[in-house]
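Secondary and tertiary structure notes
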Amino acid sequence: MLKIHAIRTGFVEVRRPQMEARRKGLAKITDMLFDEQWSGWLPIYVWLVEHEEGLILVDTGETARVHERGYHPSWHPFYRRASRFSVHPEEEIGPQLRALGIAPRDVRQVVLTHLHTDHSGGLAHLTASKCWVSRREWKRAQGLGGRLQGYLPHRWPKWWQPSWIRFDARPLGPWAQSMPITRSGDICIVPTPGHTPHHISVVATGSVSFFLAGDTSYNQRTLVERKVDGVSPSEDVARATMDKILLFAKQRPLIYLPSHDPDSAERLRLPAPLVIEGHGERPESVLRTVAVAAHSD
Ligand SMILES: [Zn+2]
């Protein structure tokens, strides 16, 4: 029996066009920096999977150090103008694991969907875990180039040694490649490029499957409506990933859990799969969400 915990490591707020781009090119960037409408406080979720082979953590959330002066580069427009954070020290992943009766060093595996600060900010607590990362995402985050793109590689713990994700020709739903991280093969990493070019997601398969989505979209509605966020460098790549997730949800009951969707924890609790009707129709015309009775494996 699989158990997944939603752990909220504080909140982030962005401008609306970051969640859902309205224009292209430079206008898309200026919208993210200057639009007057904010998203409201969005959760920063981390997913703890209790698996019989050991504990797996998907993302590490944010750190309360965001409130220290200079923690974020003050020269960077994204941190100056486009984001606000609220994280209390007791909301960091370490104290929250301990509150669940779990020592952070007992987490066997950590998977990072990507390396943005609100997903890698809790790494310092996970000193004993094997940590799966896309090597190309890691490379993209390095140096000045990485910092210009909003990554904070200089904040990662010095001792941190990522393990590289390697995809094999193991099809999973619409994905030609995947990487299982359990011997039983029920927890898999799949490539979900879009929000970042080497973004990955984690799938827990079963009678109902769970899609631990990172930032493939900011919420379920924007997935269903195939609205690409303002961060994704290529709209086409991001939309192709969304279409794969939507197709996967057609093939099996799927609980879609993006990191910043205020409704993710409730969908996990019910659980409420994404229901897609009418095979062959355009995804945006055929989707609705329903609540179903809790299942047991
Ligand atoms: Zn992100």
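A word on the overall build of the chain
Helix and strand counts for the chain stand at 10 helices and 14 strands. Its C-alpha atoms give the chain a radius of gyration of 18 Å, within 12% of the compact-globule value 19 Å for 297 residues. In terms of principal-axis extent, the alpha carbons of the chain reach across some 50 × 45 × 35 Å. Counting the 297 residues in the chain, one finds 55% classified as buried. In the chain, the share of contacts with a sequence separation of at least 24, taken over all contacts with a separation of at least 6, comes to 63%. As displayed, the chain has an accessible area near 13,300 Å², and 50% of this comes from carbon and sulfur atoms. Charged side chains of the chain number 38 positive and 32 negative; the gap between the two group centres comes to 6 Å.

Concerning the coordination of the zinc ion
Within the protein, His114 (NE2), His116 (ND1), His195 (NE2) and Asp215 (OD) serve as the donor atoms for the zinc ion, at 2.2 to 2.4 Å. Here the zinc ion binds 4 donor atoms, and the angle range of 86 to 176° at the metal identifies the geometry as irregular. Here His116 falls in the buried class, since its relative accessible area comes to 12%.

Remarks on the pairing of strand β12 (residues 254-258)
Taken across its 5 residues, β12 has 5 buried, putting it largely inside the fold. Burial along β12 is two-sided: Leu254, Tyr256 and Pro258 facing one way and Ile255 and Leu257 facing the other are all buried. Summarising the sheet, strand β11 (residues 209-214) and β12 pair through 5 bridges and their orientation is parallel. Counted as the bridge partner of Phe211 is Tyr256 from β12.

Here's the deal with the pattern of salt bridges
Considering all chains together, one arrives at 13 salt bridges under this definition. Across the pair Asp31 and Arg23 runs a salt bridge, and its minimum N-O distance is 2.7 Å. Among the residues examined, Asp31 registers a relative accessible area of 10% and is labelled buried. Note that Asp261 and Arg267 form a salt bridge whose closest N and O atoms lie 2.9 Å from each other. For the pair formed by Asp261 and Arg267, the shared burial category is buried. A cluster of three or more residues bridged by salt bridges with shared partners is formed by Glu20, Arg221, Glu225 and Lys227.

Quick notes on a nonpolar patch on the surface
On the surface, a nonpolar cluster with roughly 340 Å² of combined accessible area is contributed by Trp75, Leu144 and Leu148. Along the chain, Leu148 turns up in helix α7 (residues 143-148).

Comments concerning the packing of aromatic side chains
The way to describe two aromatic rings as a pair is by their centre distance and the angle between their planes. Tallying each qualifying case throughout the model produces 8 aromatic pairs. Both rings, one in Phe211 and one in Phe248, keep their centres 6.4 Å apart while their planes meet at 65°; by these two values the pair is edge-to-face. Placement of Phe211 in strand β11 and of Phe248 in helix α9 (residues 235-251) is noted, with a sequence separation of 37 residues between them. Following the ring pairs from residue to residue traces out a cluster consisting of Trp175, Phe211, Phe248 and Tyr256. One Lys or Arg, Arg84, reaches over the ring of Trp38 and ends 3.6 Å from the middle of that ring.

Cut-offs and rules
- Every chain's residues receive numbers from 1 upward, in the order its sequence appears when written.
- Residues qualify for local features only when their pLDDT is at least 70, as the model is predicted, and side-chain atom pairs are given and counted only at 80 or more; totals for whole chains, interfaces and linings, by contrast, use all residues.
- By convention in this description, side-chain values take in all heavy atoms of the structure and omit both hydrogens and water.
- To qualify as a helix, a DSSP run of H or I must reach at least 4 residues; to qualify as a strand, a run of E must reach at least 2; elements of each kind are numbered from the N terminus.
- The globule rule used here is 2.2 Å times the number of residues to the 0.38 power, and the radius of gyration it is set against is calculated over C-alpha atoms.
- Categorising residues by exposure relies on relative accessible area from a 1.4 Å probe, with only protein chains included: less than 20% of the type maximum marks a residue as buried, more than 50% marks it as exposed, and the intermediate range marks it as partly exposed.
- It only takes one pair of heavy atoms within 4.5 Å for two residues to be counted as in contact.
- Accessible surface is estimated by sampling points in the Shrake-Rupley manner with a 1.4 Å probe; for residues, cover comes only from the protein chains shown.
- Neither His nor the chain termini are counted; the positive set is Lys and Arg, and the negative set is Asp and Glu.
- To locate a charge, take NZ of a lysine, CZ of an arginine, CG of an aspartate or CD of a glutamate.
- With water excluded from the atoms, a metal site may look incomplete; its donors are any N, O or S atoms within 2.8 Å, or within 3.2 Å for Na, K and Ca.
- Angular criteria define each label, namely tetrahedral for four donors with all angles between 85 and 135 degrees, square planar for four and octahedral for six donors with opposite donors over 155 degrees apart and remaining angles between 65 and 115, and irregular for whatever fails these tests.
- Only strands joined by at least two bridges in the DSSP assignment are considered to pair.
- Basic side-chain nitrogens of Lys or Arg form a salt bridge, by our definition, when they fall within 4 Å of a carboxyl oxygen of Asp or Glu.
- Like-charged residues within 9 Å of one another, or nonpolar side chains (Val, Leu, Ile, Met, Phe, Trp, Tyr) within 5 Å, are grouped into patches, provided each residue has over 30% relative accessible area and no salt bridge.
- Any two of the Phe, Tyr and Trp rings considered here, Trp counted by its six-membered ring, make a pair once their centres fall within 6.5 Å; the pair's planes then place it as stacked at under 30 degrees, edge-to-face at over 60, or tilted in between.
- Placement of a positive charge over a ring is assigned whenever Lys NZ or Arg CZ falls within 6 Å of the ring centre and within 35 degrees of the normal to the ring plane.

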